[in-house]
Amino acid sequence: MTLMLSHIKHTILALTATLAIIAPGAAAAETALPYIPASPSVYQTVDYAQAPQLMRLPAMTQKQLQKEYKRLGITLYELPYSRTLSIPNWGRLWANTSVLMAGGITTMFILESLPEDATAWNKAANNRVPLFKRYINHIKAGPVWDGDKFIFNYILHPYAGAAYYMSARSCGFNCFGSFLYSFCISTFFWEYGFEAFNEIPSVQDLVITPVVGSVMGECFYKLKRHIVSNGYRLWGSPILGYFVAFLCDPVNETLGYFRGDQKRYTRLAKQKNRTELAGGFNIVPGKNGLEAMLSVSVRF
């Protein structure tokens, strides 16, 4: 009797958060390309040159892959980690942008209500100049090195940049596209937008918000991938998982609640991580007559 163990697959997802994530030297990890699975809930990484027999579809270009992923409704969170793969969902990105606009206007009203020493805005001087004339004067005078408090320049602004970055990253954009989105939002929407009505654009904010924010954002993306792959659990806790996922990606997590994203990813994680056991008993001809064969299949 021959005992055969087959189809054993075990995927271990490791939580990594390193500032070297965008370094070119890590490109070797992306030599294998994902291919279209039979089910959107299952993925596999295949090296086309070494294992062409494993492909279920003909070889595709990057654009063809993107179209197939969109057609099947597959997101970046259901595929192997990649810094370059992009499956942009423009509809969701525009919805996120609308939320960021509304949040920016709300933030401006909150900052207006704070004392001058909290924002470094000279409210008395600002009120003496008409609104749009003040805006033009600030644009012409900047950018300058500002004297804002540490918490604004080096904590809140990088976090805001990371939130902008994740707004695009979770909508299917790659690292470069997400960085570009973060840069545009922080520069044109904020520094040369709402904030320019009250102060001259800041050198620190123009650099730190998109650059440091994007590095933080990619760390957040990896952390959220870990949480999503475990059914929105972190260290076994769904409460901690949902909370940290919201901190990493507040815009998409808020809108995703109404779209049912969390429920969908939790369901897919259960399907991927479940253990399946199957077996069979066969009698086949052998050299010495009939032979019995027991087949056991374990997937976990």
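Provided above is the structure to which this section pertains.
Below is a summary of the structure that appears in this document. Note that the structure is a prediction, hence the values are computed from the model and not measured.

**As for helix α8 (residues 203-229)**
Thought 1: Taking 1.5 Å of rise per residue, 27 residues should cover 39 Å, and α8 covers 39 Å from first to last C-alpha, within 8% of that figure.
Thought 2: In terms of burial, α8 is a largely internal element, 21 of the 27 residues being buried.
Thought 3: At the C-terminal side of α8, Gly231 shows a positive phi close to 70°.

**Some points on the environment of Phe197**
Thought 1: Structurally, the position occupied by Phe197 is in the loop between α7 (175-194) and α8.
Thought 2: For the pair Phe197 and Tyr135, spaced 62 residues apart in sequence, the C-alpha to C-alpha distance is 4.6 Å.
Thought 3: Setting aside residues up to four positions removed in sequence, Phe197 forms contacts with Leu131, Phe132, Arg134, Tyr135 and His138.

**Brief notes about the nonpolar core**
Thought 1: One finds Tyr69 and Ile227 to be the most contacted residues of the largest nonpolar core, which totals 21 residues.
Thought 2: Taken together, the elements giving at least two residues each to this core come down to α1 (62-72), α6 (150-169), α8 and α9 (238-248).
Thought 3: Broken down by element, the residue count for this core peaks at five residues, all from α8.
Thought 4: In this structure, Ile227 is in contact with Tyr232, Arg233, Leu234, Gly241, Val244 and Ala245, ignoring residues within four places of it in sequence.
Thought 5: Judged by nonpolar contacts, the second largest core, of 15 residues, contains Phe173, Tyr181, Phe189 and Val251.

**What to know about the packing of helix α2 (residues 90-113) against α6**
Thought 1: Between α2 and α6, whose axes approach to 9 Å, the crossing angle comes to 160°. Of the possible angle classes, the one that applies to α2 and α6 is roughly antiparallel. Contacts between α2 and α6 involve Leu93, Asn96, Leu100 and Leu111 from the first element and Phe152, Tyr164, Ser167 and Ala168 from the second.
Thought 2: Looking at the contact of α2 with α6 residue by residue, the classes come out as six nonpolar, two polar and no charged.

**Examining the side chain of Asn174**
Thought 1: Along the chain, the position of Asn174 falls in the loop between α6 and α7.
Thought 2: With relative accessibility at 18%, the residue Asn174 sits in the buried group.
Thought 3: A distance of 3.0 Å separates the side chain of Asn174 from the backbone oxygen of Thr84, its partner in a polar contact.
Thought 4: At 2.9 Å, the side chain of Asn174 forms a polar contact with the backbone nitrogen of Gly177.
Thought 5: Not counting residues within four places of it along the chain, the set of residues in contact with Asn174 comprises Arg83, Thr84, Leu85, Ser86 and Arg169.

**Digging into the pattern of salt bridges**
Thought 1: Summed over the entire model, instances satisfying the criterion amount to six salt bridges.
Thought 2: Arg264 is paired through a salt bridge with Glu78; the nearest N and O atoms lie 2.9 Å apart. Of the two residues, Arg264 sits in helix α11 (residues 261-273) while Glu78 sits in the loop between α1 and α2, which places them 186 residues apart along the sequence.
Thought 3: Looking at Arg264, the relative accessible area reads 23%, which means it is partly exposed.
Thought 4: Among the residues examined, Glu78 registers a relative accessible area of 7% and is labelled buried.

**Here we look at a nonpolar patch on the surface**
Thought 1: There is a patch of nonpolar side chains on the surface, built from Phe176, Phe179, Leu180, Phe183, Phe188, Val207, Val211 and Val212 and spanning about 710 Å² of accessible area.
Thought 2: Among the elements of the structure, α7 and α8 are those that each provide at least two residues to the nonpolar patch.
Thought 3: In this fold, Phe179 is placed in helix α7.

**Comments concerning the side chain of Arg169**
Thought 1: With respect to the secondary-structure elements, Arg169 resides in helix α6.
Thought 2: Only 2.9 Å separates the side chain of Arg169 from the backbone oxygen of Phe173, close enough to count as a polar contact.

**Comments concerning the packing of aromatic side chains**
Thought 1: Under the defined criterion, the tally for this structure stands at 13 aromatic pairs.
Thought 2: When the ring of Tyr159 is compared with that of Phe220, the centres are 6.3 Å apart and the planes differ by 65°; the resulting orientation is edge-to-face. Of this pair, Tyr159 sits in helix α6 while Phe220 sits in helix α8, and the two are 61 residues apart along the sequence.
Thought 3: Every member of this aromatic cluster is reached through a ring pair, and the members are Tyr77, Tyr81, Tyr221 and Tyr265.
Thought 4: Just above the ring of Tyr221 sits the side chain of Arg169; from NZ or CZ to the centre is 4.1 Å.

Basis of the calculations
Residues numbered from 1 in each chain as written. Predicted model: local features only at pLDDT ≥ 70, side-chain atom pairs only at ≥ 80, totals over all residues. Heavy atoms only, no water. Helix = DSSP H or I, 4+ residues; strand = E, 2+ residues; numbered from the N terminus. Expected span 1.5 Å × (residues − 1). Buried < 20%, exposed > 50% of the residue type's maximum accessible area, 1.4 Å probe, protein only. Contact = heavy atoms within 4.5 Å. Core = buried A, V, L, I, M, F, W, Y, C linked by side-chain atoms within 4.5 Å. Axes fitted to C-alpha atoms, helices over the stretch in contact; angles between N-to-C directions. Parallel < 35°, antiparallel > 145°, perpendicular 65-115°, else oblique. Nonpolar A, V, L, I, M, F, W, Y, C, P; charged D, E, K, R; others polar. Polar contact = N/O pair within 3.5 Å; in protein donor to acceptor, adjacent residues only side chain to side chain. Salt bridge = Lys/Arg side-chain N within 4 Å of Asp/Glu carboxyl O. Patch = residues over 30% accessible without salt bridge, like charges linked within 9 Å, V, L, I, M, F, W, Y side chains within 5 Å. Areas by Shrake-Rupley, 256 points an atom, 1.4 Å probe, with all protein chains shown as cover. Phe/Tyr/Trp six-rings, centres within 6.5 Å; stacked < 30°, edge-to-face > 60°. Lys NZ or Arg CZ within 6 Å of the ring centre and 35° of its normal.

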